[in-house]
Structures are given as C-alpha cells and as structure tokens.
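The chain contents come next:
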Amino acid sequence: MYRYDEYDRALVNERVEEFRDQVARRMNGELTEDEFLPLRLQNGLYLQKHAYMMRVAIPYGALSSDQMRGLAVIANKFDRGYGHFTTRQNIQFNWIELADTPDILAHLASIDMHAIQTSGNCVRNVTTEAYAGVAPDEEYDPRIFAEIIRQWATVNPEFLFLPRKFKIAVSSSQEDRAAVRMHDIGLYLYRDKEETLRFQVMVGGGLGRTPFLNKAVKDDLHWSEVLSYIEAVLRVFNRYGRRDNKYKARIKILVNSLGIGDFREEVEAEWRQIRGSFSTLTEDELSRVASQFLSPLYSTLDDANLEYGHHVTSNSEFAAWVSRSVKPHKVKGYASVAISTKFPTNTPGDLTAEQMQCIADLADAYGFRVIRITHEQNLVLPDIPKEYLFNVWESLCEVGLALPNVGLVSDMIVCPGASYCNLATAHSFPVAKKVAAAYSIEEQLEVGDISINLSGCINACAHHHIGNIGILGLNKSGEDYYQITVGGAQGKDSQIGKVIGPAVSEELLPVVVKKITNAYLANRNDKETFHETFLRIGLEPFKLAAYESAGA
Amino acid sequence: MKNIIRIQSNEVAVVKADNWIISEEDHDALGSCEILPMKAWLARIKQGDDVNPALWIDVDDDAMELQDVIEKLSFICVFFEDFKDGRGYSTAYLLRKRLNYQGELRAFGDVLRDQLSLMRQCGFDSFAIKEGKDPYDATKGIKGLSVTYSGSVSQPNPLYRRVRR
Ligand code: HEM
Ligand code: SF4
C-alpha cells in the first residue's frame, strides 16, 4: 500500500499545525464560526447533534495494521471506545472535543493518515474497490490512479470552494464494486486493443434529493491525461455550477440543466486549452506510485488445503461463515475474508477499539499487515492463506465479528440517522435492527444476495437509491416513517430504485420488507437474483405484495 | 482601498490605504483613481473613451470577455462577495494563464487570512483584506504549506515534475 515519503509527511504535518492555529484562533474568538466552518470541514470536523464528529480518510479503503491500531487508540483516548466506518471509505469518531482535534490530527499524521478534505465543498476522499489489487477480474490496480488523483486534488488551490462537495471514484473491474455510477466523476479504467490504459469518464452522478447516475462524457481518455481532464471538469463546475441553492449545487444539476451534449462541449473546450501541458502525467510518476502497490510476496501454496477442508466439513458454523465471508483470490491457496460489522451483534459500520485491535492482529499474524474497508461498511482481510481461515474465524468469534451474513438481508448499509446526525429526519440503526431481526438466518440464505440500504434522511448517505431495497426515513407529524424503493442496483448495471408507494410506519416496516422479499421468492426463476427478477417482472408485483398484506 | 497587502518580487508589504476607489457603477466625471465594474469599463472602451487601465470583476462576470483588451489593463480587482464562493480562484487562473495578464491582480471583499495562500497560488499578488481585520496579522496566511502536489499559477509544475520523489 501507499507509504508516505518526506513530501507527503511534510504536508500533513504542516497542515496539522495550520489547523492547530486555526482552532486556537476560533477558541479565542479571533475567528467567527462562519469563518471557521469551512476550515474545520476541510479538516474533517463536523458539528453533530451531541458533539463534534471527526471524519478520517482511509484512501481507497486500505489500512495497515498499525494504522488500524492507531485508530483504536483514537477511539479509546478521544472518543467512547469505538468508530464508525462509512460507505465512503472513511471512519467517523462521534464524540470529539474541539480542543482535542489538533492532537487527533497529529496522531493521525504520525501513522500516515489525515482528515484533509473529508468534508466541505471540495474534492473528497477518492474511492475505489475494496478488493483492488486482489480481485481476479481487474485489469489494472485502480488504487494507483486513485492515489494520483488524491494527491492532485489535495489542497489544490483553485478547487477548494466549489459550489458543492465533489466525489470521484475509480474502478477497473468487470463488476464495479465501487458504486462508480453515483459519483460526481466516475472513472472506468480499461485496456484498449493495443493494451493502452484508458478511462471512460462519466460525470454528474449523485444521490440525495434528486438522484442521478453519471453520464459518459469521454470514452477513451488516455491515462496520462486524466488529471487535465478532471481539471477541465472542475473548472467548468467551479465557474458555472449553481451557488444560489444548496440542493441544486451538485454537478449533476449542471450536467442535467445544460444537457450532456452541451456540458461535454464546455469541458472539451476547456480541456483543449490545457491538455498536453503541465498536468500531463508522466511514465515516471505512474511507475513511482505503482511501485507502492506491488503485490505482496505470496508463497506458493496448494489450491486446496486438507485441514481447511476438514474444518469445513466437520464444523457447520465455520462452513456457514466460509460460504458468505471467504472470497476468491487471484493467487492460488489464498482467500480474501470479508468481515461483517452488522446486526444482530454489531451496529452497521461500528467497531470497538478491541475489535480494531483484533483485526489488526489477524492481519499481522496471517496476512500482509493490511486491511480493507468496503463501501458496504464491512472490512476485508485481503490475503489469508486457506490453512489459516479457521484460526481467523475463531479469533473473530471471540470479538463478535464472525457473522455469517455478508451479502444477506442483515448485511444492511445504514447511516447513523437520528442517533448522531443533525440532519436526520428519522432513526436508522434501531429500525434497521428490527428489519434484520425479522429474518432467521435460514430465511436470509433462502433470499440470498441482496442489498438493503437505509438512510435517515434524503441526503442518502446509505445509498438507499441503489439498494435492491432502499429505505428512506421520513418524519410525518412527529413520527418516523419509511419510504421504500425497489429495483435499485449498483455495479455496471446501476439503477436508481423506484418508490413503491406511501411511506410505512416504523412498526410495519419489517413486515413490509419481508413481503417484498417473499414476492421475490415467489416469482424468481431458478438462480435469478433479486434484481434480475425485478427487471423481468417490474415494480407492480412488489407493490401489490407490500401493501395488500400490510394494510398500509 | 484600505488594508492592502502587496507581494512584489517575493516581498510582502502592508499598505494601510492606497488611492484607488471601487466604483459601484459608471458615472460622469470619473476620477483618476476610480475603478469601474468590468461591464461598464468594457462599454467605455467600446465607445473609444480614455479610461483608467483598471477595472473590477464581479462574482458572476466572465473574465474571458477581456480577451481582446487585456493589454490595456494593469490593475484588475476580483470581488469576493463571500469567501466560500470560489469562482474568483478560477477567474484569477483564467486571467493569468489564458489571457496572460501580467499586471497587478487584487482580491477584495470577503478576503481573509486563511485563504491568502490559495489566492496567491492562483495568481493574486495583492489583497484588500476585509475591513475590521488586521492586515499585519493576515500576512501570516500568505505562505501556506511548503508542499503542494498539484501545479498552480504560481508554480505551474506539479510536484512530480518538480522533484525526484
Ligand atoms: C453524521 C454526519 C453526516 C452528515 C451531516 C452528512 C451529510 C450529508 C449530506 C448533507 C449529504 C448530501 C449532499 C448532497 O447531496 O449535496 C451527504 C451525502 C452523502 N453522505 Fe453523508 N453525512 C453524514 C454521515 C455520513 C455517513 C455516516 C456516511 C456513510 C455511511 C455518509 C455517506 C454519504 C454519501 C455516500 C453521500 C453521497 C450521496 C450522494 O452522492 O449524493 N455520510 N451527507
Ligand atoms: S442520510 Fe441523512 S441522517 Fe443519514 S447520515 Fe446522511 S445526513 Fe445524516
């Protein structure tokens, strides 16, 4: 994974000192809250319902075991012993004191981490796939470009006060596990017939109040021109994006009001002025960054491991976990292990300091000291020899992280909602827990792979629009109500879900969700996924099932 | 204008006030130190008037309209109505890089210490600090971080072209 050199380190250290001074000036009244606000946001600091929240970047979702331990230290020392992993490869600490924040940032800097631009109207943490570098279906490691873009965007002086936040995601796999289509800029990296790396550039995705998937702007961008192209998009956005209305300020609104054709022309015209010049990437820089992401030195292992096989056949609990959590690896004899942070024993995305320690220890003992964070709010140990899978499972059992539910109903993606968030219109964790509890594990296995996403308000932090079943918390005269969408999907065939009808009460929600999955079971052919069934039969059968029985 | 910081050949100087005056709109009998809004200035030029080589650009003005007349200018002020509105940074970029403007480029309005290094990197070389703020204190904001990854107006080469990492 990427290691800081003297330049990276100098930058984060100076940034900490700059912020230390800004916090001091805020505390002695030299800076007004209005003046301080964007400064703190661009250093990851939000003011939530009960306290400050600090959002720390986990670039492209990769953490070393030492970094994970460092996060555990922060959780213990400055928070209440836990942290929340988000859908955007960040971790949030919910109970932070303003006066502590410079020390927290200094601690992060000491483990090569930062919170720069994790919030604010600027280019945010660049995201990519959690399985990057180990996935068998990838053409090139997308983290290399994610890192190059991250550096280019970090404290880039022209683009720190954009009309609105700006999110970039990169994927290079057949499937797209990075939800690329709902980003302000989505990048698909591929090799053309001559084996040259090129990007398909898509602009204008975003969820929230008016959800849009991004649209193709350029299909065959040479890899060396990716920075100049992003620069052109950002300059057009900075100049022409709306600033009068927060809800119309994302680039998706600009793209859709101009129309993709005119938008493309604007970008291309700008790009013609700057291409081929300073921002062109060099082979040297690409290989320098690429050299940081070399595969670890794998051992030569047999594909099958007898002991592992024995455990699978003799221990049904282990086998159940293996069937959900153990993912194929490009290297023979190795596997990736997905760790669910979900119900019933955990709260989605939350890990205690003890659990963080345990995962760090496992990465040291059996892996190559790295951990990945997925946008489903789960974790991954990417390189575990099969012979150690049983040990990993046993250790995870001890800290309550051996849930056999990855990809199932109870592996819901859930934002913090009214538990912490100022903007929430409804609760999310307690309600999601009830939905999960409505299913036995057998029932979940019967339903199989499905994504259920629950956001506590229209901002859609849990990506409810692209969940196979999306749930949006609303407030109807003081009571929590939940609007349901069906048919959302992520990946190469991303789709925004459709609302099935009036929102349902908190009490009815689990019943209604179950009716929807029952409608799927009743209608599915063979091995069809939920989404495939939806595409074949449409919304109506789900709608009927949901309302007739619920009496809503 | 008041509360001025100017950077000249890497020297930072604070000037309590200079003689320039921002005019909200065009009017008869312009003084020799008045700075017209861009649109009014362009209208005067079109008429063939002899006006000051100075104008100010509002937040939603398009600086590219100065394309054909840029050599007539030696002093351009860019208005920041709200420091959170970043259009002025792109305006400065376009003036410097696209129109190759060489004169003094001043940010005025909601101009604060914590954004000065960003403005400097985008090509501003003078600042009228917001009234009520101390310009001497604000000079601390000019330097910024010693490491910049991307290129900018003041340093066109990105880090990977500047140093061997
Ligand atoms: C608790 C503090 C949080 C606040 C105040 C907050 C605020 C917001 C707001 C206002 C938006 C909408 C922006 C827009 O559409 O222009 C948004 C979007 C988003 N948030 Fe959060 N959020 C919080 C926590 C989280 C968490 C915990 C996650 C992950 C689980 C998250 C992930 C996202 C994502 C992925 C989007 C993007 C949706 C899109 O592209 O439109 N946020 N957030
Ligand atoms: S979706 Fe709404 S409630 Fe949930 S974290 Fe985002 S802003 Fe808060």
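Residues numbered from 1 in each chain as written. Chains lettered and ligands numbered in written order. Predicted model: local features only at pLDDT ≥ 70, side-chain atom pairs only at ≥ 80, totals over all residues. Heavy atoms only, no water.

**Overview of the side chain of A:Arg15**
Stage number 1. By the secondary structure assignment, A:Arg15 is in helix 1 (residues 6-27).
Stage number 2. For A:Arg15, a relative accessible area of 8% gives the class buried.
Stage number 3. In this structure A:Arg15 touches A:Gln42, A:Asn43, A:Ile116, A:Val155 and B:Leu145, once residues within four positions along its chain are discounted. (Helix = DSSP H or I, 4+ residues; strand = E, 2+ residues; numbered from the N terminus. Buried < 20%, exposed > 50% of the residue type's maximum accessible area, 1.4 Å probe, protein only. Contact = heavy atoms within 4.5 Å.)

**Overview of the coordination of the iron atom of ligand 1**
Stage number 1. The protein supplies the iron atom of ligand 1 with one donor atom, A:Cys461 (SG), which lies at 2.1 Å.
Stage number 2. By secondary structure assignment, the location of A:Cys461 is in the loop between strand 16 (452-455) and strand 17 (469-476). (Donors = N, O, S within 2.8 Å, 3.2 Å for Na, K, Ca; no water.)

**Quick word on the interface of chain B and chain A**
Stage number 1. Between chain B and chain A, the contact holds 39 residues from the first and 48 residues from the second.
Stage number 2. With both sides pooled, the region where chain B packs onto chain A buries about 3700 Å², and carbon together with sulfur makes up 54% of that total.
Stage number 3. Of all residues in chain B, B:Tyr149, B:Tyr160 and B:Arg165 give up the largest surface area on contact with chain A, accounting jointly for 21% of the area buried on that side.
Stage number 4. Applying the counting rule to chain B against chain A returns 23 residue pairs in polar contact (both at pLDDT 80 or more).
Stage number 5. Elements represented by at least two residues in the side of chain B that touches chain A include exactly helix 2 (87-98), helix 3 (116-121) and helix 5 (159-162) of chain B.
Stage number 6. Of the residues forming the side of chain B that touches chain A, the biggest block, seven residues, is contributed by helix 2 of chain B.
Stage number 7. Grouping the amino acids of the side of chain B that touches chain A by side-chain chemistry returns 16 nonpolar, nine polar and 14 charged. (Buried area = accessible area lost by both parts, 1.4 Å probe. Polar contact = N/O pair within 3.5 Å; in protein donor to acceptor, adjacent residues only side chain to side chain. Nonpolar A, V, L, I, M, F, W, Y, C, P; charged D, E, K, R; others polar.)

**Overview of the sheet that holds strand 9 (residues 215-222) of chain A**
Residue and element names in this part refer to chain A.
Stage number 1. Strand order in the open sheet formed by four strands is 6-7-8-9, with mixed pairing between adjacent strands. Looking at the sheet topology across the chains shown, the edges are occupied by strand 6 (168-171) and strand 9. The sheet shows a mean angle of 20° between the axes of neighbouring strands, taken without regard to direction.
Stage number 2. Summarising the sheet, strand 8 (residues 197-203) and strand 9 pair through five bridges and their orientation is antiparallel. Paired with Val203 across the strands is Lys215, a residue of strand 9.
Stage number 3. Packing against the sheet, helix 5 (residues 142-153) makes contact with strand 6, strand 7 (185-191) and strand 8, and its axis sits at approximately 155° to strand 6. (Pairing = 2+ DSSP bridges. Axes fitted to C-alpha atoms, helices over the stretch in contact; angles between N-to-C directions.)

**Some thoughts on the site of ligand 1**
Residues and elements named next belong to chain A.
Stage number 1. As a matter of local geometry, ligand 1 sits amid 25 residues, with Gln48, Lys165, Lys167, Leu207 and Cys461 nearest to it.
Stage number 2. In this structure, an oxygen atom belonging to ligand 1 sits 3.2 Å away from a side-chain N or O atom of Arg164.
Stage number 3. Taking Arg250, its side chain carries an N or O atom lying 3.0 Å from an oxygen atom of ligand 1. (Near = heavy atom within 4 Å.)

**What to know about the environment of A:Leu454**
Residues and elements named next belong to chain A.
Stage number 1. In this fold, Leu454 is placed in strand 16.
Stage number 2. With 27 residues separating them in the primary sequence, Leu454 and His427 have C-alpha atoms 9.7 Å apart.
Stage number 3. Ignoring sequence-local partners within four residues, the contact set of Leu454 consists of Met412, Ile413, Val414, Cys415, His427, Ser428, Ala432, Ala462, Ile471 and Tyr482.

**Let's talk about the site of ligand 2**
Stage number 1. Near ligand 2 you find A:Cys415, A:Pro416, A:Gly417, A:Cys421, A:Leu423, A:Ala424, A:Ser455, A:Gly456, A:Cys457, A:Asn459, A:Ala460 and A:Cys461, and these make up its full shell.
Stage number 2. Here the residues of the shell around ligand 2 sort into eight nonpolar, four polar and no charged.

**Some remarks on the nonpolar core**
Stage number 1. Core analysis: the largest hydrophobic core is formed by 166 residues, its most contacted members being A:Phe145, B:Leu66, B:Ile76, B:Leu95 and B:Phe127.
Stage number 2. With nine residues, the single largest contributor to this core is helix 6 (residues 226-240) of chain A.
Stage number 3. Listed in part, the 39 residues of the second largest apolar core include A:Val414, A:Ala426, A:Ile500 and A:Val504. (Core = buried A, V, L, I, M, F, W, Y, C linked by side-chain atoms within 4.5 Å.)

**Some words on the side chain of A:His465**
All names here are of chain A.
Stage number 1. You can see His465 is positioned in the loop between strand 16 and strand 17.
Stage number 2. A polar atom in the side chain of His465 sits 3.4 Å from the side chain of His464.
Stage number 3. The contact partners of His465, leaving out residues within four places of it in the chain, are Leu207, Gly208, Pro211, Ala460, Gly488, Gln495, Ile496 and Gly497.

**Section: the packing of aromatic side chains**
Stage number 1. Inspection of every chain in the model, using the stated rule, returns 31 aromatic pairs over all chains.
Stage number 2. Summarising the aromatic geometry, the rings of A:Phe161 and B:Tyr89 are spaced 6.1 Å apart at their centres and angled 10° between planes, so their arrangement reads as stacked. Of the two residues, A:Phe161 is situated in the loop between helix 5 and strand 6 and B:Tyr89 in helix 2; the pairing between them involves two chains.
Stage number 3. When its relative accessible area of 6% is taken as the criterion, A:Phe161 is described as buried.
Stage number 4. The buried category is assigned to B:Tyr89, whose relative accessible area is 1%.
Stage number 5. In this structure, A:Arg80 is placed above the aromatic ring of A:Trp95, and the distance from its NZ or CZ to the ring centre is 3.5 Å. (Phe/Tyr/Trp six-rings, centres within 6.5 Å; stacked < 30°, edge-to-face > 60°. Lys NZ or Arg CZ within 6 Å of the ring centre and 35° of its normal.)

Read these as layout, nothing more, since geometry by itself doesn't imply function.
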